[in-house]
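# A closer look at the structure
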Amino acid sequence: MDEQTRERQRMVERHLIGRGIRDPAVLEGMRTVPREAFVAAELAEFAYEDAPLPIEAGQTISQPYMVASMAAALELRPSDRVLEVGTGSGYAAAVLSRIAREVYTVERHEELALAASRRLARLGYTNVHVQHGDGTLGWAEHAPYDAIVVAAGGPDVPKALLDQLAPGGRLVIPIGETPREQDLVRVRRHQDGTFDRDDLGAVRFVPLIGAEGWKEAPGTGPVAPRPGASRPEVVAKLIHEAAEPIESIDGANLDALLDRIGNARVVLLGEATHGTSEFYRMRARITQELIRQRGFTVVAVEADWPDAARVDHYVRQLPWERAPGQAFTRFPTWMWRNREVEQFARWLHDYNGAVEAPERRAGFYGLDLYSLYNSIAAVLHYLDGVDPDAARVARARYGCLTPWQGDPAAYGRAVTTGSYRACEEQVVAMLRDMLEKRLEYQLRDGERYLDALQNARVVANAEQYYRAMYYGSRDSWNLRDQHMFETLQVLLAFRGPDTKAVVWEHNSHVGNAAATEMGARGELNVGQLARAAFGDAAYLVGFGTDHGTVAAASDWDGPMEVKRVRPAHPQSYERLCHDSTVPAFQLALRQPRRMEVRDELSAARLERAIGVIYRPETEMASHYFQAVLPVQFDEYVWFDETRAVSPLGESTRSAGIPDTYPFGL
Ligand code: SAH
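Now for a look at the structure at hand. For clarity, every value in this text was computed on a predicted model and none was experimentally measured.

Quick look at the side chain of Gln182 now. Checked against the element boundaries, Gln182 lands in strand β8 (residues 182–189). Look at Gln182 and you get buried, because its relative accessible area is 3%. A distance of 2.8 Å separates the side chain of Gln182 from the backbone nitrogen of Phe205, its partner in a polar contact. Those residues within four positions of Gln182 in sequence are excluded, and the remaining contacts are Gly153, Pro174, Ile175, Gly176, Gly201, Ala202, Val203, Arg204 and Phe205.

Next up, the structure:
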């Protein structure tokens, strides 16, 4: 027996039999089909992990357990003829072909249909027939089918599929109110032509897109080159011509940028990673000019309110009682606890020192009251203690909480593992408790800024948020961004009618979500809400890099590592910027120096996002998404080669730092 056959046996024992799959024909099918032959060579080593994996065209090959449970739910007999919608890699079709007589499978992405058809032929699966087309319309020519399985999530059961189901037939399909989460539903057609339905539990699949599925959103479909779109060399050259080079961060002339920002009330400064020194320093530089020259008085950052409040006390030099403890001591500490932020805080402290009127001093605020990171750490810690299996599921899921990730490890994973559900109440109670303690602290906070009304809003949202977060649901993203934006609005109102704010958050919060894959899945963000509320008075700036180093972790709660950033993907915006050969630049997109730049960049391309977790090995699946850059941002700031931020180490403790030190050491 070779190694792969052994691994396959192990997978069947552990993940299928171990989790209740009994149908002998299904188990036999899963034992014989070589899953490694259906994924890219570099992912073959993961072929027998019980996880979905990315394939071409941004799609996934389903998790083995999901393939097996759907096959079992179809109650197949050897004589059955099966229709599959969503061929993908062809893996599930191959498994079905071992159990039933003929398998007809339809795929909407032509490149996938072709690749699967070739692969199946090469591997000798002669009873599988692949067709390129919209599977929500079925495949009438070979109907009726004894069983129909849909491998993508739709809004409802497509009528054509019901029509093509034979009397006595079974249809299994994920159905959900949004394209992101579904319930697995089985429909039976009785001999008398009536149907009934049973629910097989919560699941997560890629969206079913078609006439009787979800509508395709712009910029998210199979990306065909726009007619007339120029070759990459031409676009890179245009960027070269339109870019305003940045010679040095400290010396850069920002006059043109300030003119473009004009009278904007909110300026959102992004970052493509949470650990790149150049991004932090350039954001600080721009912010300094906005404070000095344009009267900005709010710096609002993607951090917890209480943590940022410590820095705020320091920078505004207000005579409040110092809060106990230290700021930014939980994972990911390096995100704010670094030399770059420290330097900015010291500058702001000195700058404010020369401003007489306290109300004119610029403050430093956290938008993210919920503390996503603390909450996740608490959940993992709790689960580690009570249920290590559930903790493993949670770790994998939190690894892909961020919306830019293709979410390969979460799609198609059954969300209703019993033990996981059993922990829900306790976890939510624990998180609420944490939140209440935090609110108590806030009420002692000098400015009492978040008044009773604000607190009530937080508590009201919290329950829903924590449940969504516990299941790694994408709703938690929307609730969080909505909350951050509302906090920003409260801040603007609190500081007075003419207040202007700079926001520092990741590109994925700052760039208009409507211009990205996220928007197509129903995700919103701060940038999009700011655009809707302020129109052109919101100025959105993205930051990007090609290669270098970055501070990030490999896992939740893992230690900070300095990781090498891989040169960007050939089809990405980053590659075009790299090929412009300008080492660092500002590129105006709303009012570009040359209009052609905007037009050329308006064809959707890949963009990279690195969060607190960076996994260069699977970068393509976990850190790239589709976007339309000039709609996402008004301006793009580029540093071709970048370095990791410098975390504040232990040494500062002994360096005789004064009591006013921003991080409360
Ligand atoms: N069964 C596949 C996994 C499929 S993922 C495997 O084992 O690899 C879901 C697939 O459904 C994707 O490839 C997606 O492109 C496809 N899809 C989505 N909507 C579709 C539609 N209307 N018709 C056909 N295929 C569709």
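Now that the structure has been shown, the text picks up again.
Here we come to the site of the ligand. The full set close to the ligand counts 27 residues, and Ser89, Glu107, Asp134, Gly135 and Ile209 are the nearest of them. Between the ligand and Glu84 there is a distance of 3.1 Å, counted from a nitrogen atom to a side-chain nitrogen or oxygen. Here a nitrogen atom of the ligand sits 2.7 Å away from a polar atom, N or O, in the main chain of Ile209. Compared with its free state, where it exposes 580 Å², the ligand has 99% of that area covered by protein. Looking at the shell around the ligand, the elements with two or more residues in it are β2 (60–61), β3 (81–85), α4 (91–99) and β4 (102–107). Residue composition of the shell around the ligand, by class: twelve nonpolar, eleven polar and four charged.

Next up on the list: the environment of Val526. Among the structural elements, Val526 can be located in helix α19 (residues 526–534). Taking the C-alpha atoms as reference points, Val526 and Ala513, 13 residues apart in sequence, are found 8.4 Å from one another. Those residues in contact with Val526, other than ones at most four positions away along the chain, are Leu268, Asp481, Met484, Phe485, Glu505 and His509.

Moving on, we get to the environment of Arg593. In this fold, Arg593 is placed in the loop between β17 (584–588) and α21 (595–601). Separated by 354 residues in the primary sequence, Arg593 and Ile239 place their C-alpha atoms 9.9 Å from one another. Setting aside anything within four residues of it in sequence, one finds Arg593 in contact with Glu241, Ala242, Ala243 and Glu244. A polar atom in the side chain of Arg593 sits 3.3 Å from the backbone oxygen of Ala243.

With that out of the way, let us pick up helix α9 (residues 277–294). With 18 residues, α9 should reach 26 Å at 1.5 Å per residue; the first-to-last C-alpha distance of 25 Å fits that figure. Counted residue by residue, α9 has 14 buried out of 18 residues, so it is predominantly covered. One or two residues past the end of α9 sits Gly295, with phi positive at roughly 70 degrees.

Counted under the stated rule, the structure contains 31 salt bridges. Between Glu75 and Arg186 there is a salt bridge, with its nearest N and O atoms 3.5 Å apart. Taken together, the positions of Glu75 in the loop between α3 (64–73) and β3 and Arg186 in strand β8 put the pair 111 residues apart, joining distant regions of the chain. A salt bridge links Lys237 to Glu241; its shortest N-O distance comes to 3.2 Å. In this pair, Lys237 and Glu241 both sit in helix α7 (residues 232–242), four residues apart, roughly one turn of the helix. Through salt bridges with shared partners, a single ionic network connects Glu75, Arg186, Arg188 and Asp198.

How each quantity is defined
Residues numbered from 1 in each chain as written. Predicted model: local features only at pLDDT ≥ 70, side-chain atom pairs only at ≥ 80, totals over all residues. Heavy atoms only, no water. Helix = DSSP H or I, 4+ residues; strand = E, 2+ residues; numbered from the N terminus. Buried < 20%, exposed > 50% of the residue type's maximum accessible area, 1.4 Å probe, protein only. Polar contact = N/O pair within 3.5 Å; in protein donor to acceptor, adjacent residues only side chain to side chain. Contact = heavy atoms within 4.5 Å. Near = heavy atom within 4 Å. Areas by Shrake-Rupley, 256 points an atom, 1.4 Å probe, with all protein chains shown as cover. Nonpolar A, V, L, I, M, F, W, Y, C, P; charged D, E, K, R; others polar. Expected span 1.5 Å × (residues − 1). Salt bridge = Lys/Arg side-chain N within 4 Å of Asp/Glu carboxyl O.

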